[in-house]
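Here is how the chains run, residue by residue.
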Amino acid sequence: MGEARVIANYNYRYLEPFTLVGGFFLLASIPAMIGSRLLERKFGQPSVQ
Amino acid sequence: MEWNWQFALQILPDLARALLTVEITVVASALAICGVSPCFSCAYRHTGRFRRLPIVLSRRSGISLSPLTTGIIGIAVYNSAYLSEAYRGAVLSVNKVQIEAAVACNLGRYATWRYVIIPQALPPLIPVLGNYVIAMLKETPILSAITVLELY
């Protein structure tokens, strides 16, 4: 299983590992979203005003 | 259960070790966007087969590769089946008159694709590609089913 699940099962604490993983996924998806928005602005169709 | 900051800080280095998730996402996205999706767009018959497959089964290929490689290929192939439809839609959105004009200008098949179809098909495709990259990032926890020790 994943690293967070291993840590959670080992320490019998589930709140912290899974919350941190959730935060990580949020932090990782925000740059992807910003990158996508920048690419769209540079190469994409002009937006309707 | 109360939040324990000390424990959270203690496990942070262990979680940081498992940043394999980002690596999997980057490689699988590159593979899906550049390699497999265009192939699927050409082999339209196989697209439906992979779209009907549950995502967990796409990791069980039966070929002896390392779990990480199998996982990356699985994610790439699974998402490529969906991405190829986006590619097809983008190409179909190019006005047919443009292609007829390219033929009338005596452009070859390659030149038509390179200078007429792809430049017009790419802009509407970019937001869709962004969505799929984020979707791939969120699908990586499924790799824990085949013993890839990633983040979740």
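Rules behind the numbers
- The residue numbers shown here count from 1 along each chain, following its written sequence.
- Chains and ligands are labelled sequentially in the order written, the chains with letters from A and the ligands with numbers from 1.
- Selection of residues for local features in this predicted model requires a pLDDT of at least 70, selection of side-chain atom pairs for listing and counting requires 80 or more, and totals for whole chains, interfaces and linings are taken over all residues.
- Side-chain calculation: all heavy atoms of the structure are included, whereas hydrogens and water are not.
- Contacts were defined at the residue level, with two residues in contact if any of their heavy atoms lie within 4.5 Å.
- For any pair of parts, buried area is found by adding up, for both, the accessible area (1.4 Å probe) each one loses once the two are put together.
- For this analysis, a salt bridge means a side-chain nitrogen from Lys or Arg found within 4 Å of a carboxyl oxygen belonging to Asp or Glu.
- Polar contacts, as used here, are pairs of N or O atoms within 3.5 Å; protein pairs need one atom able to donate a hydrogen and one able to accept it. Residues neighboring in sequence count only if both atoms are side-chain atoms.
- In this text, helices come from DSSP runs of H or I with a minimum length of four residues, and strands from runs of E with a minimum of two, each type numbered from the N-terminal end.
- Residues are grouped as follows: Ala, Val, Leu, Ile, Met, Phe, Trp, Tyr, Cys and Pro are nonpolar; Asp, Glu, Lys and Arg are charged; all remaining types, including Gly, are polar.
- A patch consists of residues whose relative accessible area exceeds 30% and which take part in no salt bridge; residues with like charges are grouped when within 9 Å of each other, and nonpolar side chains (Val, Leu, Ile, Met, Phe, Trp, Tyr) when within 5 Å.
- Only the protein chains shown count as cover for residues, and all accessible areas are computed by the Shrake-Rupley method using a 1.4 Å probe.
- The pairing test for Phe, Tyr and Trp rings, Trp by its six-membered ring, is centres within 6.5 Å, and the orientation test on the planes gives stacked under 30 degrees, edge-to-face over 60, and tilted for anything in between.
- Between buried and exposed lies partly exposed: a residue is buried under 20% and exposed over 50% of the maximum accessible area for its type, with that area taken using a 1.4 Å probe on protein chains only.
- Note: pLDDT gives the predictor's confidence per residue, expressed from 0 to 100.
- Residue types Ala, Val, Leu, Ile, Met, Phe, Trp, Tyr and Cys, when buried and joined through side-chain atoms within 4.5 Å, form a set referred to as a nonpolar core.
- Axis lines are fitted through C-alpha atoms, for helices just across the contact stretch, and the angle between N-to-C directions can take any value from 0 to 180 degrees.
- Orientation labels follow simple angle bins: below 35 degrees gives roughly parallel, above 145 gives roughly antiparallel, 65 to 115 gives roughly perpendicular, and whatever is left gives oblique.
- Each crossing gets its hand from how the near helix is turned against the far one by less than a right angle, where anticlockwise is left-handed and clockwise is right-handed.

### As for the interface of chain B and chain A
With 30 residues of chain B at the contact, the number on the chain A side is 30 residues. Roughly 2600 Å² of surface becomes buried between chain B and chain A when both sides are summed, with 78% attributable to carbon and sulfur atoms. Joining chain B to chain A, the criterion identifies zero salt bridges. Where chain B meets chain A, there are two residue pairs in polar contact (both at pLDDT 80 or more). Residue assignment for the side of chain B that touches chain A shows that the elements contributing at least two residues are α1 (5–17), α2 (20–42) and α6 (109–139) of chain B. For the side of chain B that touches chain A, the element with the highest residue contribution is α6(B), accounting for eight residues. Split by residue class, the side of chain B that touches chain A holds 20 nonpolar, five polar and five charged.

### Digging into a nonpolar patch on the surface
On the surface, A:L26, A:I30, A:M33, A:I34 and A:L38 cluster together into a nonpolar patch covering about 450 Å² of accessible area. Mapped onto the elements, A:L38 comes out in helix α2 (residues 15–43).

### Some remarks on the packing of aromatic side chains
Residue and element names in this part refer to chain B. A full pass over the atoms with the stated rule returns four aromatic pairs over all chains. Here the aromatic rings of W3 and W5 are separated by 5.4 Å at their centres, their planes lie at 75°, and the arrangement is edge-to-face. Exposure remark for W3: the relative accessible area of 30% places this residue in the partly exposed category. Residue classification places W5 among the exposed positions, given a relative accessible area of 59%.

### Quick word on the environment of B:P38
Residue and element names in this part refer to chain B. In this fold, P38 is placed in helix α2. Residue class for P38 comes out partly exposed when judged on its relative accessible area of 27%. Remark: the alpha-carbon pair of P38 and R88, spanning 50 residues in sequence, is separated by 9.0 Å. Apart from residues lying up to four places away in sequence, P38 is in contact with A32, I33 and Y87.

### Considering the confidence of the model for chain B
All names here are of chain B. Here chain B averages 82 in pLDDT, and 86% of its residues register 70 or above. Taking the mean pLDDT of every element in chain B, the minimum, 70, falls on helix α3 (residues 44–52) and the maximum, 91, on helix α5 (residues 96–104). Two summary scores accompany this predicted model of the complex, namely pTM at 0.77 and ipTM at 0.75.

### Quick look at the nonpolar core
Judged by nonpolar contacts, the single largest core of 19 residues is most densely connected at B:I24, B:A28, B:I75, B:L83, B:L125, B:M136 and B:L143. Secondary-structure elements contributing two or more residues to this core are α2, α4 (67–92) and α6 of chain B.

### A short note on the pattern of salt bridges
All names here are of chain B. In this structure the tally under the stated criterion is two salt bridges over all chains. Where R88 meets E85, a salt bridge forms, and the shortest distance between an N and an O atom there is 3.4 Å. With a gap of three residues between them, R88 and E85 both fall in helix α4, about one helical turn apart. Overall, E85 belongs to the partly exposed group, its relative accessible area being 21%.

### Some points on the packing of helix α1 (residues 3–11) of chain A against α2(A)
All names here are of chain A. At a minimum axis distance of 8 Å, the contact between α1 and α2 shows a crossing angle of 165°. Taken together, α1 and α2 sit at an angle that is classed as roughly antiparallel. Regarding α1 and α2, the two cross each other, and that crossing is right-handed. Contacts between α1 and α2 pair A4, R5, I7 and A8 from the former with P17, F18 and V21 from the latter. Looking at side-chain class alone, the contact of α1 with α2 contains six nonpolar, no polar and one charged residues.

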